[in-house]
Amino acid sequence: MIDKITVKPRNSLEDKMYVCDECLALLTLHGSLRNTFIVRIDTRESIKCDICGKEAKFVLSPFKRGIWVCQKCLEERGKKHVWMKLRIVKYSDKAKCDICLSEGAYLLMKE
């Protein structure tokens, strides 16, 4: 017989993070990546994992923050089919793409 129920709040991301594949697996197992964009990065610059300091391979961004994506990444990363369910909120010449770090990006948010 159950006499006690414990409800634990879910941990979730609050801001963008760059992570390596090992830290991505740990965050996934922990349940922290619910409602999060998970995209493989593609940049010439070396980006360090925000958790362990190894080379990052993925960018994580919560749905409530959105994800900044440049025109090149929009076209190369699955054309319109991948991004179809997202809406473009705004464009900024100064914003950096979360995927390739180039300037000039669109802020995409889940509807």
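Residues numbered from 1 in each chain as written. Predicted model: local features only at pLDDT ≥ 70, side-chain atom pairs only at ≥ 80, totals over all residues. Heavy atoms only, no water.

**Some points on the overall build of the chain**
- Check the secondary structure of the chain and you find three helices and six strands.
- Scanning the chain from its N terminus toward the C terminus, one meets helices and strands in the order β-α-β-β-β-α-α-β-β.
- Going through the 111 residues of the chain one by one, you find that 39% of them count as buried.
- Taking as baseline every contact in the chain between residues at least 6 positions apart, the subset at least 24 positions apart corresponds to 64%.
- In the form shown here, the chain has an accessible surface area of approximately 7,900 Å², with 52% of it arising from carbon and sulfur atoms. (Helix = DSSP H or I, 4+ residues; strand = E, 2+ residues; numbered from the N terminus. Buried < 20%, exposed > 50% of the residue type's maximum accessible area, 1.4 Å probe, protein only. Contact = heavy atoms within 4.5 Å. Areas by Shrake-Rupley, 256 points an atom, 1.4 Å probe, with all protein chains shown as cover.)

**Considerations on the state of the cysteines**
- One pass over the structure, following the stated rule, counts zero disulfides.
- Between C73, a cysteine without a disulfide, and C70, which holds the nearest cysteine sulfur, the sulfur-to-sulfur distance is 3.6 Å.
- Judged by its relative accessible area of 5%, C73 is buried.
- Cysteine C100 is unpaired, with the sulfur of C70 as its nearest cysteine sulfur at 3.6 Å.
- Under the relative-accessibility criterion, C100 is labelled buried at 14%. (Disulfide = S-S within 2.5 Å.)

**Examining the pattern of salt bridges**
- Under the criterion given, the structure shown has six salt bridges.
- Here K16 makes a salt bridge to D98, at a shortest N to O gap of 3.4 Å. Of the two residues, K16 sits in the segment before β1 (17-19) while D98 sits in the loop between β5 (86-96) and β6 (103-110), which places them 82 residues apart along the sequence.
- In this structure, the salt-bridge partner of R65 is D98, at a minimum N-O distance of 3.0 Å. A residue pair is termed long-range when its members are at least 10 positions apart, and R65 in the loop between β3 (58-62) and β4 (67-69) and D98 in the loop between β5 and β6 qualify at 33 residues.
- The exposure class assigned to R65 is partly exposed, which follows from its relative accessible area of 23%.
- Connected through shared salt-bridge partners, D15, K16, R65 and D98 make up one network. (Salt bridge = Lys/Arg side-chain N within 4 Å of Asp/Glu carboxyl O.)

**Topic: the sheet that holds β3**
- Ordered in space as β1-β3-β2, the three strands form an open sheet in which the pairing is antiparallel. In the strand order of this sheet, the two ends are held by β1 and β2 (36-40), each with one partner. Across the sheet, the axes of successive neighbouring strands diverge by a mean angle of 25°, strand direction being ignored.
- Where β1 lies against β3, three bridges are found, and the strand directions are antiparallel. (Pairing = 2+ DSSP bridges. Axes fitted to C-alpha atoms, helices over the stretch in contact; angles between N-to-C directions.)

**Topic: the environment of L13**
- Checked against the element boundaries, L13 lands in the segment before β1.
- L13 sits 50 residues away from F63 along the chain, and the two C-alpha atoms are 9.3 Å apart.
- In this structure, L13 is in contact with S32, L33, T36, L60, P62 and K64, ignoring residues within four places of it in sequence.

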